[in-house]
Amino acid sequence: MCGIFGIYNHNEAATLVYLGLHGLQHRGQEGSGIVSSDGSKLYSKKGMGLVSEIFKDDNFSRLKGISAIGHNRYSTYGESIIENVQPVVVNFAMGSLALAHNGNLVNASFLRSELEVHGSIFQSTIDSEVIVHLIALSRERTILDRITDALRKVKGAYSLLILTEKEMIGVRDAYGFRPLSLGELNGSFVLSSETSSFELIGARFIRDILPGEIVVINNNGLTSYMPFDKANEAFCIFEHIYFARPDSCIYGESVNIIRKNMGRELARESAIDADIVIPVPDSGTPAAMGFAEGSGVAFDNGLIRSHYVGRTFIVPRQSVRDFGVRLKLNPVKEVLKGKRVVVVDDSIVRGTTSKKIVTMIREAGASEVHVRIASPPVKYSCFYGIDTPTRRELVASRMGVEDIGRQLTADTLAYLSIEGMLKAVSTSPDKFCVACFDGKYPIPFSEDEINQLGLFDV
Ligand code: SF4
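I will try to describe carefully the structure that is included in this document. (Residues numbered from 1 in each chain as written. Predicted model: local features only at pLDDT ≥ 70, side-chain atom pairs only at ≥ 80, totals over all residues. Heavy atoms only, no water.)

**Considering the site of the ligand**
Every residue close to the ligand is listed here: Phe 177, Arg 178, Cys 236, Ile 237, Phe 238, Cys 382, Tyr 384, Ile 386, Cys 433, Ala 435 and Cys 436. At the level of elements, α8 (237-243) and α17 (435-438) are the ones that each hand at least two residues to the shell around the ligand. When the residues that make up the shell around the ligand are grouped by side-chain class, the tally is 10 nonpolar, no polar and one charged. (Near = heavy atom within 4 Å. Helix = DSSP H or I, 4+ residues; strand = E, 2+ residues; numbered from the N terminus. Nonpolar A, V, L, I, M, F, W, Y, C, P; charged D, E, K, R; others polar.)

This is the structure we're talking about:
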């Protein structure tokens, strides 16, 4: 996933980026970085861990200047090491440049090998560094043309922030996989993965960056370019299901409303006689509210989440993930005892967390546990920036719904259909990528790329 945030022309640029990144913490918890510019030089501070753990008071006086970009890392490509924390900063023929990337390139390994053959030396193992090398090697004369030239060579999902000494540049790939929005704070332009971070710093949302758009922000204001061939939009539906904050508007729609709609559709498709509907907090909460409204069954809080443990889905090591589940949720016995419970979650990926939750609810005294999932079965890996595991690890790629229900020890299990999911959004359904559910990848893969990505690794 990853979260990116940038501001141009504000006296407290680095501090505002720090706040913006804090508001995007859910999009990546492995590491963060901020790079600022004072008009002639870039300054950088990066670290591993949460935003609040990395940046201390004295960092901000060193992050000089009136423009800054930042990045929260969540690994979809490359290891969890400090070298892979972004923004990537380089010095090249045209000066200095920092790049922050949300997304995933599907041809990064090929490009990297090719670049290495021609002498490029990589400092990290992340796909985003490929873009920086391509920009540096481009023969075009302006930075805008170099960026365009570089991005014409890459394949995949990218929302980017680029900071040079004099400019901040925002880019969204032609498919629009990942969100990127434009805001304004007292005359300063702000770019963010999510609109909720605008509110946090008191900025006003202006509009989304369009798929295929490059915005260049400098002393002359903002200039928009549409240099890429048009592609069919492929907005990631998982942003609405799980990743984005419910208080954000993604692709022009409220995440909270869409999650509730998904819950309502789920109730329409698979309501059941029960005493209470409970969410798996926090991302399952709006869908559970929608399910309760749609089914007429009372909503209650049967599980309490500790907010001091990271989101298990985005921690890369299995040992930490298992530990995290036990720490993260606790049942409210008084709510669950003797009740027929419907528990609503946003998605099932590996199935290990869901099984523990069902067991926990039963042990708290529930007489029946019915699991309802506000998205379809995740059967295919994502190669566009969401860290879904290989197909082998995706429980729905190995088993049918009934078998998964048995494995979870649930009384019943039902998922939302793909049609029901797309009814929940008002944007035209054909503007969404739903490849992790139906295997129809919007960007075609060559046979070599398929092997490299482990696409059919079952
Ligand atoms: Fe989003 Fe799934 Fe498409 Fe990946 S494959 S971009 S997670 S909808």
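**Digging into the sheet that holds strand β17 (residues 276-279)**
Taken together, five strands build an open sheet; the order of strands is β18-β17-β21-β22-β23 and the sheet is parallel. Where the open sheet ends on each side, the last strands, each with one partner, are β18 (298-299) and β23 (412-415). Of the strand pairs in this sheet, β17 and β18 are connected by two bridges, and their pairing is parallel. Considered in β18, the bridge of Val 277 is made with Phe 299. Docked against the sheet, helix α10 (residues 285-295) engages β17, β18, β21 (340-345) and β22 (368-373), running at close to 165° with respect to β17. (Pairing = 2+ DSSP bridges. Contact = heavy atoms within 4.5 Å. Axes fitted to C-alpha atoms, helices over the stretch in contact; angles between N-to-C directions.)

**Describing the packing of helix α9 (residues 255-270) against α10**
In a pair of packed helices, the angle between the axes and the distance between the axes together describe the arrangement. Between α9 and α10, whose axes approach to 6 Å, the crossing angle comes to 45°. Between α9 and α10, the crossing angle belongs to the class labelled oblique. For the pair α9 and α10, the crossing hand works out as right-handed. Of the residues in α10, those in contact with Asn 256, Arg 259, Lys 260, Gly 263, Arg 264, Leu 266, Ala 267 and Ser 270 of α9 are Pro 286, Ala 287, Met 289, Gly 290, Phe 291, Glu 293, Gly 294 and Ser 295. Per-class residue counts for the contact of α9 with α10 are six nonpolar, six polar and four charged. (Parallel < 35°, antiparallel > 145°, perpendicular 65-115°, else oblique. Left-handed = near helix turned anticlockwise from the far one by under 90°.)

**Comments concerning the packing of helix α5 (residues 128-137) against helix α6 (residues 143-153)**
Between α5 and α6, the shortest axis-to-axis distance is 8 Å and the interhelical angle comes to 130°. When the interaxial angle is binned, α5 and α6 end up oblique. Once α5 is placed against α6, the crossing between them reads as right-handed. Across the interface between the two elements, Ile 131, Leu 134, Ile 135 and Ala 136 from α5 touch Ile 143, Arg 146, Ile 147, Ala 150, Leu 151 and Lys 153 from α6.

**Brief notes about the nonpolar core**
The biggest cluster of nonpolar side chains holds 52 residues, and the ones touching the most others in it are Ile 237, Phe 238, Met 262, Tyr 384, Met 421 and Phe 437. At the level of elements, β14 (235-236), α8, α9, α10, β21, α16 (418-423), β24 (432-433) and α17 are the ones that each hand at least two residues to this core. Formed by 30 residues, the second largest nonpolar core is a distinct cluster that contains Leu 115, Leu 151, Tyr 158 and Val 216. (Core = buried A, V, L, I, M, F, W, Y, C linked by side-chain atoms within 4.5 Å. Buried < 20%, exposed > 50% of the residue type's maximum accessible area, 1.4 Å probe, protein only.)

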